[in-house]
Amino acid sequence: MQKQLAHTTIELIQGDITKAAVDAIVNAANKELVGGGGVDGAIRRAGGEAIVQECNEIRKRQGGCPTGTAVITTGGNLPAKSVIHTAGPVWQGGDAGESDLLASCYKECLRLASENEVNSVAFPSISTGVYGYPTEKAANVALQTIRDLAESGTKVPESIQFVLFDDATYNCYVEALSEL
Ligand code: ADP
């Protein structure tokens, strides 16, 4: 499924983000930038040591990646040229600023994308795995944040994909994009 928002096409795909042939894929990382499970583990395994090393250097230089912020590294052995790592919020019931922090992840990733000449980017469903953010709510935050940016005239990549691993997650994003 896809939808045009200003100069940006949003496309929903079911699959494995490590296979996405785009300028940059986004990693749902942790704020320490140390290897995790889920999509982070998959990206590090497929991308190889160069990604791990750059994450280690960033951690030494600036202490990591606080929740709601993002950093960029090489894509190593991935088809994608770069990986944008962002730390999503851990779901704590909804009253701990989770939606603002999740929106900030998408904004910061897209800001880094435009600063780095990234014309196509693929996102996973940030925070909805181990971090427990309800997927329906997270899909709305993700898509509404991108729509607001695209329609405000802010420079965003021409192609934004969501590569969603499982049926339930894919279906939540389809519903959210239909209602957008
Ligand atoms: P978080 O810690 O931010 O919750 P997770 O990696 O646990 O991150 O989960 C985020 C989402 O990424 C989940 O929907 C999970 O199913 C999905 N995911 C796991 N592996 C992949 C992959 N290879 N490609 C795309 N999405 C993936």
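To be clear, the structure that these remarks concern was listed above.
What counts, and where the lines are drawn
Residues numbered from 1 in each chain as written. Predicted model: local features only at pLDDT ≥ 70, side-chain atom pairs only at ≥ 80, totals over all residues. Heavy atoms only, no water. Near = heavy atom within 4 Å. Polar contact = N/O pair within 3.5 Å; in protein donor to acceptor, adjacent residues only side chain to side chain. Areas by Shrake-Rupley, 256 points an atom, 1.4 Å probe, with all protein chains shown as cover. Nonpolar A, V, L, I, M, F, W, Y, C, P; charged D, E, K, R; others polar. Axes fitted to C-alpha atoms, helices over the stretch in contact; angles between N-to-C directions. Helix = DSSP H or I, 4+ residues; strand = E, 2+ residues; numbered from the N terminus. Parallel < 35°, antiparallel > 145°, perpendicular 65-115°, else oblique. Left-handed = near helix turned anticlockwise from the far one by under 90°. Contact = heavy atoms within 4.5 Å. Buried < 20%, exposed > 50% of the residue type's maximum accessible area, 1.4 Å probe, protein only. Pairing = 2+ DSSP bridges. Core = buried A, V, L, I, M, F, W, Y, C linked by side-chain atoms within 4.5 Å. Expected span 1.5 Å × (residues − 1). Arc of directions from axis to C-beta.

(A) Examining the site of the ligand more closely. In the vicinity of the ligand, 17 residues are found, and the nearest of them are Asp16, Val39, Ser127, Gly129 and Val130. Between the ligand and the protein, one listed contact pairs an oxygen atom with a backbone N or O atom of valine 130 at 2.9 Å. Protein contact buries 90% of the 570 Å² of open area that the ligand shows by itself. Considered class by class, the residues forming the shell around the ligand number 8 nonpolar, 7 polar and 2 charged.

(B) Focus on the packing of helix 3 (residues 98–115) against helix 4 (residues 135–151). Between helix 3 and helix 4, whose axes approach to 9 Å, the crossing angle comes to 45°. Comparing their axes, helix 4 and helix 3 come out oblique. Like other packed secondary-structure pairs, helix 3 and helix 4 cross with a definite hand, here right-handed. The segment helix 3 lies against helix 4, with Ser99, Leu102, Ala103, Tyr106, Lys107 and Leu110 engaging Ala138, Val141, Ala142, Thr145, Ile146 and Leu149.

(C) View of the pairing of strand 5 (residues 82–87). In terms of residue burial, strand 5 counts as a mostly covered element, since 6 of its 6 residues are buried. Of the two faces of strand 5, both are covered, the one formed by Ser82, Ile84 and Thr86 as well as the one formed by Val83, His85 and Ala87. Pairing of strand 3 (residues 24–29) with strand 5 involves 6 bridges; the strand directions are parallel. Of the residues in strand 5, the one forming a bridge with isoleucine 25 is valine 83. By the bridge criterion, 5 bridges tie strand 4 (residues 70–74) to strand 5 in an arrangement that is antiparallel. When the bridges of strand 5 are listed, threonine 73 appears paired with valine 83.

(D) Examining the side chain of threonine 18 more closely. One can find threonine 18 in the loop between strand 2 (8–14) and strand 3. Polar side-chain contacts of threonine 18 include one of 2.8 Å to the side chain of aspartate 16. With residues up to four places along the chain from it excluded, the contact list for threonine 18 reads Ile25, Ala42, Ile43, Ala46, Leu78 and Pro79.

(E) Broad picture of the nonpolar core. Of all hydrophobic cores here, the largest spans 36 residues; its most connected members are Tyr106, Phe123, Phe162 and Tyr173. Put simply, the parts of the chain that give this core at least two residues each are strand 2, strand 3, helix 3, strand 6 (120–123), helix 4, strand 7 (159–164) and helix 5 (167–179).

(F) A look at the environment of leucine 112. Along the chain, leucine 112 falls in helix 3. What makes leucine 112 buried here is its relative accessible area of 11%. A sequence separation of 32 residues divides leucine 112 from glutamine 144, and the C-alpha atoms of the two residues are 19 Å apart. Each residue touching leucine 112, except ones within four places of it in the same chain, is listed here: Ala70, Val71, Ile72 and Ile84.

(G) Helix 2 (residues 49–62), seen in detail. Relative to the 20 Å expected for 14 residues at 1.5 Å per residue, helix 2 spans 20 Å between its end C-alpha atoms, a close match to the ideal helical length. By the burial criterion, the buried members of helix 2 are Ile51, Cys55 and Ile58. In a view along the axis of helix 2, the buried residues occupy a sector of 60°, so they form one face of it. Residues of helix 2 that are exposed and point over 90 degrees away from its buried face: Glu49, Lys60 and Arg61. Backbone geometry just after helix 2 places glycine 63 at a positive phi near 80°.

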